[in-house]
Amino acid sequence: MGLLVDSKEGGGGGSGKQGSWGGLNSLIRRKQVDSVHVKSGGQQLAKELTIPHLVAIGVGSTIGAGVYILVGTVAREHSGPALAISFLIAGIAAALSAFCYAELASRCPSAGSAYHYTYICIGEGVAWLVGWALILEYTIGGSAVARGISPNLALLFGGEDSLPAFIARQYIPALDMVVDPCAAILVFIVTGLLCVGIKESTVAQGIVTIANVCAMIFVIVAGTYLGFKTGWAGYELPTGYFPFGVNGMLAGSATVFFAYIGFDTVASAAEEVKNPQRDLPLGIGAALSICCALYMLVSIVIVGLVPYHAMDPDTPISTAFASHGMQWAAYVITAGAVTALCSTLMGSILPQPRILMAMARDGLLPSFFSDINKRTQVPVKSTIATGIGAAVLAFFMDVSQLAGMVSVGTLLAFTMVAICVLILRYVPPDEVPLPSSLQESIDSVSSWQGRNSHEISEEDPKAHVGSSKESTKPLLDKVDILVELPLIEKQLPFVNYTISEDNRRKIAGWTIMFTCVGVLLLTYSASDLGLPGFLRYTLCGAGGILLLLGLVVLTFIDQDEARHNFGHTGGFICPFVPLLPIVCILINVYLLINLGADTWARVTIWLLVGVVIYVFYGRTHSSLEDAIYVPAAHADEIFRSSENYVS
């Protein structure tokens, strides 16, 4: 009875023979959770961050200038005076993903965020796509934010054309494009700040975030004063609190949901947190709570000052104050928008170098990106590469039309994180990859285990755990038990069915897969109004049935005991599993499908480029290419054996 589970010959997860499945098996090979035995070449990021730093990163990355526009657009078109409820529902939906992130971040506190979790729980192929999508998200997101700073900055200097000529936008007829030097300069400044050190850059982001929050508090306090002074005209309307109905309010929630995107940036800095098991969940939760509270309070005030149908869709807050004789407030609000954009720019550029570094550590990208500066202990080369890419895009392109592509990366990451929580709870990886350099130790432990198994089988053949008799157990084992009823003296036999561990894992694995298929069918059929009625309702019913059955099965089967020892223990535990992750998957997939055909066409091109890079580089350079998979229970024993050989 050997320990060897798999090696390079099997492609990282197959039968041990190279064949037609060899290439596909590389897609499902999974890496080990970082442990005391797993080091990244001795290069580690500086552990400098505490809860205040994480809150600054989370709030700064989440609250952008969009909130100063969203309140007008969503109130006019969807929610009306019920805008605050739309923000609340969207905040609750975002909190579902935050719960999932909090558990995985505390269990697996390494750089890479959703890419890292997906690689551990699902496999290399999906992890590559998630990491590749996140690279797109942060690059375009950072560029779009940088392009939005110069118009707002110009307003502080007196108007659209008030910036100095060397940083003002210029139209180049030969290229038929508008270049933005200010955007590129700001990206380079943020990049330089991030290269100095994580603590220094986080402190700077905290200062800018405080300025942004102060501007929002000004809106809340001054707006409340005006509201009580003028009688809250926005709430005294004949159309009532829900002029567009509950459906309009829910549509508003789907729109403002994207205002909460950004808290996942906290998870990307997990490797740099001093006490990740405690600080990461608190940092994510506090950041999301602060953002939700500020959004709701601003919404309550603004829709009360001006009737929703009279709001300016472009500058709703400034116009609301100007209508009450406070034109000067526009400067405070514009300053808040500028600081919000600067803080969001830092939050957009911060995660990408760490994702590049994590992918390079795993061999999927060149090792250039994994180098960590010895003095600052940050991935300087990855940060500079990220800054150059974002600056070039911000200088030459108006990427606002590509903004939908940002949402694809975020929602895909949210979906995969929720699926990872289900896998962690029900079918956590029971095999770990070890480097081929430990082959001698693996053989030694394997032969020792084989001798013990042989001795046991000679003493008692029934005790041999690898016997064919046990391996052919039925799916359900019939067990007769006696239940004693308190008021009845005699005992009645009842039959209880228990599921063996191997079969429980199989049932759980297939159930998770069919649940995801059900979510996809349900959301697609519910969103695509162009489908024929019969086909649409059939797909919707089939998806709903699969989703409901998946929820029922996962609720009634036991979670895996190995979940208690998976990764770093003692951190946050996501509540209401499996209901919460499944609802999270449902919400995110629905939003993904409704992003639009143009967005998906652009994202598909980017993902296809990523597939080509993975096939011709990442797959063959992966650190798991020569890995040997062994049962997780024997990993520590093998490491101890290897240490004995060295000594």
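In the nomenclature of an unreviewed UniProt entry, the protein corresponds to Cationic amino acid transporter C-terminal domain-containing protein from the organism Prunus persica. The record in UniProt for the protein states the following under Sequence similarities (unreviewed entry): "Belongs to the amino acid-polyamine-organocation (APC) superfamily. Cationic amino acid transporter (CAT) (TC 2.A.3.3) family." Listed under Subcellular location (unreviewed entry) in UniProt, the entry text for the protein is "Membrane".

1. A word on unusual backbone geometry
The step from Val 577 to Pro 578 runs through a cis peptide bond, and the omega angle for that step is 15°. Along the chain, the position of Pro 578 falls in the loop between α20 (533-556) and α21 (579-593). Positioned with a positive phi, Trp 232 is a non-glycine residue whose angle comes to about 50°. Residue placement: Trp 232 occurs in the loop between α8 (198-230) and α9 (245-256).

2. Here's the deal with the packing of aromatic side chains
Within this structure, the stated rule accounts for 23 aromatic pairs. On the basis of an interplanar angle of 75° and a centroid distance of 6.4 Å, the ring pair of Tyr 101 and Tyr 117 is categorised as edge-to-face. Of this pair, Tyr 101 sits in helix α4 (residues 83-107) while Tyr 117 sits in helix α5 (residues 114-121), placing them 16 residues apart in sequence. Of the residues examined, Tyr 117 reaches a relative accessible area of 1% and is grouped as buried. Residues Phe 218 and Trp 328 carry aromatic rings whose centres are separated by 5.7 Å and whose planes lie at 55° to one another, so their mutual orientation is tilted. Taken together, the positions of Phe 218 in helix α8 and Trp 328 in the loop between α12 (316-322) and α13 (329-349) put the pair 110 residues apart, joining distant regions of the chain. Using a relative accessible area of 48% as the deciding quantity, one classes Trp 328 as partly exposed. Taken together, the ring pairs in this structure connect Tyr 101, Tyr 117, Phe 257, Phe 258, Phe 263 and Phe 414 into an aromatic cluster.

3. A closer look at a nonpolar patch on the surface
Together, Ile 89, Tyr 235, Tyr 241, Phe 242, Val 246, Leu 250, Leu 297 and Ile 300 line one region of the surface with nonpolar side chains, adding up to about 630 Å² of accessible area. Put simply, the parts of the chain that give the nonpolar patch at least two residues each are α9 and α11 (276-305). Here Ile 300 is to be found in helix α11. Given a relative accessible area of 35%, Ile 300 falls into the partly exposed group.

4. Focus: the side chain of Arg 107
Within the fold, Arg 107 resides in helix α4. Classification of Arg 107 by relative accessible area gives buried; the value is 6%. Engagement of the side chain of Arg 107 in a polar contact is seen with the backbone oxygen of Arg 563, the distance being 2.7 Å. Leaving out residues up to four positions away in the same chain, Arg 107 has contacts with Val 33, Leu 424, Arg 563, Phe 566, Gly 567, His 568 and Ile 573.

5. Some details on helix α14 (residues 351-361)
Within α14, ten of the eleven residues are buried, leaving the element largely enclosed by the surrounding structure. Those residues of α14 that sit buried are Pro 351, Gln 352, Pro 353, Arg 354, Ile 355, Leu 356, Met 357, Ala 358, Met 359 and Ala 360. Elements in contact with the buried residues of α14: α5, α6 (124-156), α8, α10 (265-268), α13 and α15 (380-396). Gly 363 lies just past α14 and shows a positive phi near 85°.

6. Quick word on the nonpolar core
With 164 residues, the main nonpolar core has Tyr 68, Tyr 101 and Phe 321 as its most contacted residues. By residue number, the principal contributor to this core is helix α16 (residues 403-426), which donates 17 residues. The residues contacting Tyr 101, other than those within four sequence positions of it, are Ser 113, Ala 114, Tyr 117, Phe 263, Asp 264, Ala 267, Ile 284, Ala 413, Phe 414 and Val 417. In this structure, Leu 434, Val 630, Ala 635 and Ile 638 belong to the second largest nonpolar core, which totals nine residues.

7. Describing the confidence of the model for the protein
Across the protein, the average pLDDT comes to 85, with 86% of residues at 70 or higher. Considering only residues more than four positions removed or in separate chains, one finds that residues 4-21, a stretch of pLDDT under 50, has 36 contacts.

8. What about the pattern of salt bridges?
Taken as a whole and judged by the stated rule, the model has 14 salt bridges. For the salt bridge of Lys 381 with Asp 371, the shortest nitrogen-to-oxygen distance reads 2.8 Å. Of the two residues, Lys 381 sits in helix α15 while Asp 371 sits in the loop between α14 and α15, which places them ten residues apart along the sequence. Residue classification places Lys 381 among the partly exposed residues on the basis of a relative accessible area of 37%. With its nearest N and O atoms 2.7 Å apart, the salt bridge here joins Arg 504 to Asp 560. Of this pair, Arg 504 sits in helix α19 (residues 501-527) while Asp 560 sits in the loop between α20 and α21, and the two are 56 residues apart along the sequence.

Cut-off values and rules
For every chain, the first residue of the written sequence is number 1, and numbering continues from 1 onward in sequence order. With the structure being a predicted model, the display of local features is reserved for residues of pLDDT at least 70 and the display and counting of side-chain atom pairs for 80 or more, all residues being used for whole-chain, interface and lining totals. Each side-chain value is worked out from all heavy atoms of the structure, with water and hydrogens disregarded. UniProt positions are given in the numbering used here, feature names are shortened, and annotations may be inferred rather than shown by experiment. Secondary structure counts use DSSP, requiring at least four H or I residues in a row for a helix and at least two E residues in a row for a strand, with both numbered from the N terminus. Aromatic rings from Phe, Tyr and Trp, with only the six-membered ring used for Trp, were paired whenever their centres fell within 6.5 Å, and each pair was classed as stacked if the ring planes differed by under 30 degrees, edge-to-face if by over 60, and tilted otherwise. Exposure is judged per residue with a 1.4 Å probe applied to protein chains only, and the accessible area is read against the type maximum: over 50% gives exposed, under 20% gives buried, and values in between give partly exposed. Exposure above 30% relative accessible area and the lack of any salt bridge qualify a residue for a patch; like charges then connect within 9 Å, and the nonpolar side chains Val, Leu, Ile, Met, Phe, Trp and Tyr within 5 Å. Here, Shrake-Rupley sampling with a 1.4 Å probe gives the accessible areas, and only protein chains in the shown set may cover a residue. We define a salt bridge as a side-chain nitrogen of Lys or Arg found within 4 Å of a carboxyl oxygen belonging to Asp or Glu. Pairs of N or O atoms within 3.5 Å make up the polar contacts considered here, provided that, within protein, one atom can donate a hydrogen while the other can accept it, and that residues adjacent in sequence are counted only when both atoms are side-chain atoms. Two residues qualify as a contact provided that any one of their heavy atoms is within 4.5 Å of a heavy atom in the partner residue. Here, nonpolar core refers to any group of buried Ala, Val, Leu, Ile, Met, Phe, Trp, Tyr and Cys residues whose side-chain atoms link them within 4.5 Å. The quantity called pLDDT is the predictor's confidence in a given residue, expressed from 0 to 100.

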